[in-house]
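Letter by letter, the chains look like this.
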Amino acid sequence: DVKVTQSSRYLVKRTGEKVFLECVQDMDHENMFWYRQDPGLGLRLIYFSYDVKMKEKGDIPEGYSVSREKKERFSLILESASTNQTSMYLCASSAELAKNIQYFGAGTRLSVL
Amino acid sequence: AQKVTQAQTEISVVEKEDVTLDCVYETRDTTYYLFWYKQPPSGELVFLIRRNSFDEQNEISGRYSWNFQKSTSSFNFTITASQVVDSAVYFCALSEEGNYGQNFVFGPGTRLSVLP
């Protein structure tokens, strides 16, 4: 079974803090994704990566950056957290873009106070 | 631009009722993929089904069935004899073969509550 693991289920941070959300997949997938989920808006793509050290902006990259130093690990970074970044963050991985199934982690619920 | 609409924000049914979740999509690509995911209260999205644009056959899997109609750009999901465990948020998603930069587009989701 594909396993996508997000390091934290819940996080509480203060405005201005630097925040790291970690995601690890164990299926040797080329592609990894970060989404945020907000009520009524569904999932919105923040960034994705199609290879180590490669990244592409999604719909809402502002205020975020990412890092993919190893194939299995994809990190989302909030350089200076703000209250409007309070949300559920979901990581996913897939073997191939477009047609392949994306497998999701359990999510990290981030609260920025 | 690709778009997915799930007009039903919330649906409540009583156990054993049938329920249909609607999904309407927009795309200019001829090759695309449609997906349904389930998000139970635990939070993790669970894959249910994928359909490509060249396969309009309906599919049935146990109590679940999917009706794909290109003529109306719809990919609806029906649960027969619903159960309390079906309570979840359901997302429809679209992915275009030629759209490298914007991968999956998700609809806003439909929250289904099945009451005992």
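In this text the structure is predicted, and so the values were computed from the model without any measurement. (Residues numbered from 1 in each chain as written. Chains lettered and ligands numbered in written order. Predicted model: local features only at pLDDT ≥ 70, side-chain atom pairs only at ≥ 80, totals over all residues. Heavy atoms only, no water.)

A. Here's a closer look at the nonpolar core. In this structure, W36, F77, Y90 and L112 of chain B are the most contacted members of the largest nonpolar core, which totals 24 residues. Of all the secondary-structure elements, those providing two or more residues to this core are strand 2 (10–14), strand 3 (19–21), strand 5 (32–39), strand 8 (64–69), strand 9 (74–79), strand 10 (88–96) and strand 12 (110–115) of chain B. Per-element tally for this core: the top contributor is strand 10 of chain B, with four residues. If you look at the next biggest cluster of nonpolar residues, it comprises 20 residues, including I60, L76, Y89 and V112 of chain A. (Core = buried A, V, L, I, M, F, W, Y, C linked by side-chain atoms within 4.5 Å. Buried < 20%, exposed > 50% of the residue type's maximum accessible area, 1.4 Å probe, protein only. Helix = DSSP H or I, 4+ residues; strand = E, 2+ residues; numbered from the N terminus.)

B. Local environment of the sheet that holds strand 8 (residues 73–78) of chain A. Residues and elements named next belong to chain A. If you walk across this open sheet you meet the four strands as 1-3-8-7, and the pairing is antiparallel. Only two strands of the sheet have a single neighbouring strand rather than two, namely strand 1 (4–6) and strand 7 (65–70). Averaged over all pairs of adjacent strands, the angle between their axes in this sheet comes to 20°, without regard to strand direction. Where strand 3 (residues 19–25) and strand 8 come together, six bridges link them in antiparallel fashion. Bridge pairing links L21 to L76 in strand 8. (Pairing = 2+ DSSP bridges. Axes fitted to C-alpha atoms, helices over the stretch in contact; angles between N-to-C directions.)

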